[in-house]
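# Per-entry structural report
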Amino acid sequence: MTAQLPQNPGPGPDLQGPVGPAPAVAPAQSTSELEPTAAPAPQGAPAIELINAARWYGNVVAVNDLSFSLGAGVTGLLGPNGAGKTTLLHMLAGFLAPSAGTVHVLGRSPNRDPSVYRQIGLVPEREAVYPFLTGFEYVRFNARLQGMRDSDQAARDAILRVGLEDAMDRPIGTYSKGMRQRAKVAGALVHDPQVLLLDEPFNGMDPRQRLAMMELLGQMASAGRTILFSSHILEEVERVGNDILVMVAGRLAASGDYRAIRALMTDRPHTITIRSSDDRRLGWALMADPTVFGVELGTDNLTVKTAQLSAFRRLIAGASRTAGVRLFEVVSGDESLESVFDYLVRR
Amino acid sequence: MMFKRSLAAVPLMGRITLRQLLGRRRTILLLLLAAIPVLLAIVFRAANDADLEGFASGVLDAVAVTLLLPIVAVLFGTAAFGAEIEDGTILYLLAKPISRWAVIAAKFIGAAGVTALLVLLSVLVSGAVVLSPLGEQGAEATRAFLAAMLVGSTCYVAVFLTLSLFTRRALLIGLVYVLVWEGALSALLPGIANLSIRQYALGVANAFWQMKPDEARLSPSTALPLAIILVVAALAIATWKLMRFELPGGTD
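What counts and what doesn't
- Residues numbered from 1 in each chain as written.
- Chains lettered and ligands numbered in written order.
- Predicted model: local features only at pLDDT ≥ 70, side-chain atom pairs only at ≥ 80, totals over all residues.
- Contact = placed C-beta atoms within 7 Å.
- Nonpolar A, V, L, I, M, F, W, Y, C, P; charged D, E, K, R; others polar.
- Axes fitted to C-alpha atoms, helices over the stretch in contact; angles between N-to-C directions.
- Helix = DSSP H or I, 4+ residues; strand = E, 2+ residues; numbered from the N terminus.
- Parallel < 35°, antiparallel > 145°, perpendicular 65-115°, else oblique.
- Left-handed = near helix turned anticlockwise from the far one by under 90°.
- Buried ≥ 20, exposed ≤ 12 C-beta atoms within 10 Å, placed from the backbone.
- Expected span 1.5 Å × (residues − 1).
- Bend = angle between axes of the 7 residues up to and from the residue.
- Domains from an automatic or database assignment.

## A short note on the interface of chain A and chain B
Between chain A and chain B, the residue contacts involve 36 residues of the former and 24 residues of the latter. Grouping the constituent residues of the side of chain A that touches chain B by class yields 20 nonpolar, 11 polar and five charged.

Encoded structure:
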């Protein structure tokens with residue numbers, strides 16, 4: 001996914017745009033456990049593709065003019081409350097028809113063609129799961145509805161993958177929130193879908209379970225699956241992968257690798273913290289360069305502001321050598337996803 | 001392949017529907033309701049054990065067909081989808097490679113089955129208490145009301161299940177239909193018999209036992225086709241609606 005950042009400040013029409021050529025869809029899943037399925041997506045087509053997709057309710061625009069495509073890998077869907085994340089996921093899952101534009105998953109329109117669910121796994125945000133079923137019964141139920149031949153084995157495998165084996169024979173009604181969440185994920189991936197859509201999948205999980213789930217999503221992405229998950233916890237997104245879609249007020253504010261997005265944010269200076277053998281001397285040396293427009297001397301470090309990070313990286317080496325200063329540490333302080341997200345939301 | 005898979009999914013989803021519908025509180029409430037005709041039959045038997053017409057009209061028609069049947073049907077019929085749409089579990093059925101007609105069929109069979117079971121049991125026991133001593137006549141009357149309950153369960157559940165896909169207030173609208181349309185208006189306006197499920201049910205019962213003309217206004221040959229058309233049309237509309245199912249709106 002190529003990083004894209006709108007040039008115009010503020011959420012305007014120019015904020016939207018295709019992400020660019022998406023990687024080809026990974027080879028179709030093995031269907032040895034499945035009955036023959038519907039025709040696979042066309043070779044080379046993106047797994048998920050939106051073209052000028054919009055959805056509105058009366059006068060309220062929930063999402064507007066979204067265009068992007070996703071191939072294999074994990075993509076985090078970010079945005080403040082009310083940004084349209086869940087609406088987007090529901091459109092992709094086929095439970096909201098676009099008011100305008102097109103939404104394709106594996107080359108098909110999910111709200112018109114139930115056969116596409118053979119290749120889609122969905123974890124909705126809402127917690128409710130049939131409370132009278134055990135975890136195993138619930139996952140097996142999903143496997144059977146998917147037409148899997150050995151649904152018992154498939155259910156056991158999926159439960160193992162989410163680490164729910166100790167509780168699989170208990171009714172879901174007795175589960176904690178995190179356990180219910182894992183049961184939902186097991187139900188969604190029991191048929192090894194090509195596309196996995198997850199709405200706040202880490203909700204209610206403890207840190208250990210979160211890590212395990214992140215690892216699982218990473219493994220699935222490595223195996224060529226397309227995974228799109230929404231989260232409001234930036235750390236989660238940062239840990240699972242680098243690719244993000246950022247939605248603000250129903251529009252796509254940015255998409256791609258968040259570090260690349262950060263590099264495109266030229267109207268916001270990069271802040272770099274440096275520790276050296278002589279911070280004052282180094283500060284003087286750096287101030288002479290036109291790419292540096294701010295130097296602040298701290299008690300034990302130097303903070304530099306520059307608009308061009310790559311140019312600064314070249315500069316710092318030469319400047320320290322010329323000034324006869326030894327560098328101990330150079331840290332780019334605002335390269336985090338949090339910083340990128342904060343910038344995009346405030347634009 | 002899709003058809004075969006969808007067909008195979010009907011009993012699976014039907015079982016889930018049954019387990020959802022037979023929650024403890026709802027089951028206890030409805031069992032208590034179903035016990036009312038039986039209790040009345042016991043009282044009737046103790047007071048007057050030979051009045052076939054009186055029991056059929058006063059208990060089986062006025063209580064079982066007019067009140068018990070539609071109330072049980074509206075509770076099960078609207079809950080079959082209503083609860084799942086409300087709590088979002090419907091997604092676990094719809095996000096599957098299964099035709100929508102199969103989901104409707106499973107819900108319908110589950111809700112109509114449990115409704116019919118409950119009301120048929122109620123009529124059977126009531127009939128056994130009062131009508132069995134009356135010989136063949138009593139047996140005919142019991143068969144007639146069992147047929148009425150079967151037809152009524154099927155029609156009411158089809159209509160209420162479909163209604164629940166269009167509005168969250170299906171239970172309220174269903175109760176208003178039962179009490180106002182079927183309870184009050186159909187008594188005042190005999191002309192609307194063709195649009196009354198209760199009349200379809202009693203019309204079919206006419207095939208087994210001659211009902212009073214002012215109670216059962218339709219002949220079996222009219223009532224049965226109307227009932228079949230209603231069920232088929234309702235389920236077709238429900239399938240059409242489910243194919244266009246959308247999650248409730250929002251901005252996130």
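Resuming the write-up.
## Some remarks on the packing of helix H6 (residues 135-166) of chain B against helix H8 (residues 197-205) of chain B
Residues and elements named next belong to chain B. Packing of H6 against H8 brings their axes to within 7 Å, and their N-to-C directions diverge by 150 degrees. The angle between H6 and H8 places the two elements in the roughly antiparallel class. For H6 against H8, the interelement crossing comes out right-handed. Taking contact as the criterion, the partners of Ala-144, Phe-145, Ala-147, Ala-148, Val-151, Gly-152, Cys-155, Tyr-156 and Val-159 in H6 are, on H8, Ile-197, Arg-198, Tyr-200, Ala-201, Leu-202, Val-204 and Ala-205. Looking at the contact of H6 with H8, its residues break down into 14 nonpolar, one polar and one charged.

## Considering unusual backbone geometry
Residue and element names in this part refer to chain A. The phi torsion at Leu-106 lies on the positive side, around 55 degrees, for a residue other than glycine. Mapping Leu-106 onto the fold places it in the loop between strand E4 (100-105) and strand E5 (120-123). Overall, the presence of 26 C-beta atoms within 10 Å leaves Leu-106 in the buried class. Positive phi, normally seen in glycine, also occurs at Asp-192, with a value near 50 degrees.

## Quick word on the packing of helix H1 (residues 2-21) of chain B against helix H5 (residues 100-130) of chain B
All names here are of chain B. Running from N to C, H1 and H5 cross one another at 40 degrees; their axes reach a closest spacing of 8 Å. In terms of their interaxial angle, H1 and H5 are classed as oblique. Once H1 is placed against H5, the crossing between them reads as right-handed. Residues Ser-6, Leu-7, Ala-9, Val-10, Met-13, Gly-14, Thr-17, Leu-18 and Leu-21 of H1 lie in contact with H5, whose contacting residues are Ala-102, Val-103, Ala-105, Ala-106, Lys-107, Ile-109, Gly-110, Ala-111 and Val-114. Of the residues assigned to the contact of H1 with H5, the class counts are 13 nonpolar, four polar and one charged.

## Side note on H1 of chain B
With 20 residues, H1 of chain B should cover 28 Å at 1.5 Å per step; its first-to-last C-alpha distance of 27 Å lies within 8% of that length. A bend of about 30 degrees at Val-10 of chain B is the largest found in H1 of chain B, and the proline Pro-11 of chain B appears one to four places after it. Those residues of H1 of chain B that fall on the buried side of the exposure criterion are Arg-5, Ser-6, Ala-9, Val-10, Met-13, Ile-16, Thr-17, Gln-20 and Leu-21 of chain B. As for H1 of chain B, its buried residues are in contact with helix H2 (135-145) of chain A together with helix H2 (24-47), helix H3 (52-87), helix H4 (90-94) and H5 of chain B.

## Let's talk about the domain arrangement of chain A
Residues and elements named next belong to chain A. With domains assigned, chain A is organised as domain 1 (13-257) and domain 2 (265-346). Counting residues at the interface gives nine residues for domain 1, matched by five residues for domain 2. The set of elements that each furnish at least two residues to the side of domain 1 that touches domain 2 consists of helix H6 (234-240), strand E8 (243-248) and strand E9 (251-257). Residue contributions to the side of domain 1 that touches domain 2 peak at three residues, all from H6.

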